Amino acid sequence: QVHLRSAERLRELCCANRGTFIKVGQHLGALDYLLPEEYTRTLKVLHSQAPQSTRQEIEQVIREDLGKEIKELFVSFEDTPLGAASLAQVHKAVLPDGRTVAVKIQHPKVQAQSSKDILLMEVLLLVVKQIFPDFEFMWLVEEAKKNLPLELDFLNEGRNAEKVAHMLKNFDFLKVPRIYWELSTRRVLLMEFMEGGQVNDRAYMERNDINVNEISRNLGKLYSEMIFVNGFVHCDPHPGNVLVKKCPASGKAHIILLDHGLYQVLSESFRMDYCRLWQALIKADMKRVQKYSRRLGAGDLYPLFACMLTARSWESVNKGIDRLPVSASEDVEIRSNAAAYLPQITQLLNNVPRQMLLLLKTNDLLRGIESALHTRASASSFLNMSRCCIRAVSTYQRSKSHSLYRRAQISLTEALSLWQINLYELFLWLKGSQLGNWVIALLSRMHRST
């Protein structure tokens, strides 16, 4: 009852203040694996049903930015938004040439309000810091000052969308809405209309015959490619921004990636250290886990850092995160330790490179989706991460080598490592399939008879 009452008060606070407060509420609402259910269930509404701007406010923004009235630009324009979020809301409309589009329109007061929100956060954090000296969260304000102006520029969002669509064009399951530049400004973004169910809606997937494990696996592939290979990462994968839909023609399930305002660009040295850290975590190589955690600013808190990255207990990290499924007791341990280690967590967040902060947020949101779909810690997700890490490190090593022989050696090692992963994946598939069980039973019978 206390959790529910507090969660409802928090939701009302976010809705009353809007803007930055809604963004915080959205993030909290996605942390299924970390927060009590009363919080996540209550705050989930903010993913697509945040407070809306009125028709008059929307008309004002379009008039100011595009110089025309809604009826001059569109044949039809739905008054009720498809979704409303912290900074904007999206309406379905039809252009005179018959194209159905999604019109993303910024809330009119959000530009002015955001600077006040940041100032308020700064004052509140300074007050809390005086009362609780261990509370080191001033980096929140620094990050907000840097990221909010980028998110409020919809032309920047459009460029990010086109860049990531080109970068990941080899993934046929990924769909990124096309941008219509002729009717886009800093506060209005016109996109190809796409619809689907939210990525954490398991019931929707079951109704539409969409394979939950395939979606989780493909989402992992997508983010592994962005983080480890390209170093250009979509950092707001809350469920309102990631949709799924089955294509009627091909029968394939598509992942639709929306809201490209917030991206993190990773430096090459940071990306390589992060690759090698994940390789060490997957192999349970504790010496390398310590080495690369320290290089990423964790210092003596490297065990806590490893637990935060993987959302697993230190015991599971030591035994191998790809070997042990997440148990109910481990979930309870993670939740209770998150509160118990808050001073150390804040110290760690204050020490790591700023590039790491948005990655931790992205990790949180992805773990939340996996938790909602009941697909956490699947072996296939770690195998896909391993592939991306191997490719990224090999590409980096080749770029630094001037010897043809050395480059050939690196390529051969890369091919062998990828082949080993493919072989292991085949073994896991056989182990879990009916054919595999039949082969194992046959070999067992032959062994007994000999």
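About the criteria used
Residues numbered from 1 in each chain as written. Predicted model: local features only at pLDDT ≥ 70, side-chain atom pairs only at ≥ 80, totals over all residues. Heavy atoms only, no water. Buried < 20%, exposed > 50% of the residue type's maximum accessible area, 1.4 Å probe, protein only. Helix = DSSP H or I, 4+ residues; strand = E, 2+ residues; numbered from the N terminus. Arc of directions from axis to C-beta. Contact = heavy atoms within 4.5 Å. Salt bridge = Lys/Arg side-chain N within 4 Å of Asp/Glu carboxyl O. Patch = residues over 30% accessible without salt bridge, like charges linked within 9 Å, V, L, I, M, F, W, Y side chains within 5 Å. Areas by Shrake-Rupley, 256 points an atom, 1.4 Å probe, with all protein chains shown as cover. Phe/Tyr/Trp six-rings, centres within 6.5 Å; stacked < 30°, edge-to-face > 60°. Pairing = 2+ DSSP bridges. Axes fitted to C-alpha atoms, helices over the stretch in contact; angles between N-to-C directions. Expected span 1.5 Å × (residues − 1). Domains from an automatic or database assignment. Buried area = accessible area lost by both parts, 1.4 Å probe. Nonpolar A, V, L, I, M, F, W, Y, C, P; charged D, E, K, R; others polar. Lys, Arg positive; Asp, Glu negative; His and termini not counted. Parallel < 35°, antiparallel > 145°, perpendicular 65-115°, else oblique. Left-handed = near helix turned anticlockwise from the far one by under 90°.

K.L.:
Just checking my understanding: could you explain helix α12 (residues 286–295) for this structure?
P.N.:
Quick reminder: α-helices carry 3.6 residues per turn. Residues three or four places apart thus point the same way. All buried positions along α12 are accounted for by Val289, Tyr292 and Ser293. Buried residues of α12, viewed axially, fall in a sector of 105°; they line one side. Every exposed residue of α12 that faces more than 90 degrees away from the buried side is listed here: Lys287 and Arg295. Looking at the buried side of α12, the elements it contacts are α11 (268–283) and α13 (302–310). In the stretch just after α12, Gly297 is the one whose phi turns positive, near 95°.

K.L.:
What exactly am I supposed to notice about the pattern of salt bridges here?
P.N.:
Between side chains of opposite charge, a pair can form as their charged atoms come close. Under the definition given, this model contains 24 salt bridges. One salt bridge in this structure joins Arg41 and Glu37, with 3.2 Å as the shortest N-O distance. Taken together, the positions of Arg41 and Glu37, both in helix α3 (residues 37–43) and four residues apart, correspond to about one turn of that helix. We classify Arg41 as partly exposed; its relative accessible area is 46%. Put simply, Arg55, Glu59 and Asp79 are held in one network by salt bridges that share partners.

K.L.:
Is there a simple way to think about a nonpolar patch on the surface in this case?
P.N.:
Where nonpolar side chains cluster on the molecular surface, the patch consists of Leu119, Val123, Val127, Ile131 and Phe132 and spans about 490 Å² of accessible area. When you line up the elements, Val123 lands in helix α6 (residues 110–131).

K.L.:
Explanation requested: the packing of aromatic side chains in the structure shown.
P.N.:
A ring pair, where both rings are aromatic, is described by two values, the distance of the centres and the angle of the planes. Following the criterion strictly, the structure yields six aromatic pairs and no others. Centre to centre, the rings of Phe232 and Tyr263 are 4.4 Å apart; their planes meet at 20°, and the pair counts as stacked. Separated by 31 residues along the polypeptide, Phe232 in strand β8 (residues 232–234) and Tyr263 in strand β11 (residues 263–265) bring together distant segments of the chain. Of the two residues examined, Phe232 and Tyr263, each falls in the buried class. Both rings, one in Tyr302 and one in Trp314, keep their centres 6.3 Å apart while their planes meet at 75°; by these two values the pair is edge-to-face.

K.L.:
Just checking my understanding: could you explain the sheet that holds strand β9 (residues 242–246) for this structure?
P.N.:
The strands that make up a sheet pair up through hydrogen bonds in the backbone, lying either parallel or antiparallel. Strand order in the open sheet made by the four strands is β5-β10-β9-β7, with mixed pairing throughout. Two strands close off the open sheet at either side, each with one partner strand: β5 (174–175) and β7 (197–198). Strands β5, β9 and β10 (253–257) of the sheet are contacted by helix α10 (residues 212–230), whose axis makes an angle of about 45° with β10.

K.L.:
I would appreciate a short explanation of helix α8 (residues 154–167) in the present structure.
P.N.:
When the terminal C-alpha atoms of α8 are compared, their 20 Å separation across 14 residues agrees well with the 20 Å that a helix rising 1.5 Å per residue should span. When we look at burial in α8, the residues that qualify are Phe154, Asn156, Glu157, Gly158, Asn160, Ala161 and Val164.

K.L.:
How should the domain arrangement of the protein chain be read in this particular structure?
P.N.:
Where interface size is quoted, it is often the accessible area lost as the parts come together. Domain annotation of the protein chain identifies domain 1 (1–51 + 109–150), domain 2 (268–393) and domain 3 (401–449). Between domain 2 and domain 3 the total buried area reaches about 720 Å² when both faces are included, carbon and sulfur atoms providing 71% of it. Counting the surface domain 2 buries against domain 3, the share from its top three residues, Leu383, Arg387 and Ile390, is 71%. Along the contact surface separating domain 2 from domain 3 lie zero salt bridges. Residue composition of the side of domain 2 that touches domain 3, grouped by class: three nonpolar, one polar and two charged.

K.L.:
Would you mind showing me how to read the side chain of Glu57 here?
P.N.:
For Glu57, the location among the structural elements is in helix α4 (residues 55–66). No salt bridge is formed by the buried Glu57; the nearest opposite charge belongs to Lys109, separated by 4.2 Å. In this structure Glu57 touches Pro108 and Lys109, once residues within four positions along its chain are discounted.

K.L.:
When you look at the packing of α11 against α12 in this model, what are you seeing that I'm missing?
P.N.:
Between two packed helices, both the angle of their axes relative to each other and the distance between the axes serve to describe the pair. Orientation of α11 relative to α12, taken along the N-to-C sense of each, is 155°, at an axis distance of 8 Å. Put simply, α11 runs roughly antiparallel to α12. At the point where α11 passes α12, the crossing takes the left-handed sense. Contact with α11, carried on its side by Asp273, Arg276, Leu277, Ala280 and Leu281, involves Arg288, Val289, Tyr292, Ser293 and Arg295 of α12 and no other residues of that element. Here the residues of the contact of α11 with α12 sort into five nonpolar, one polar and four charged.

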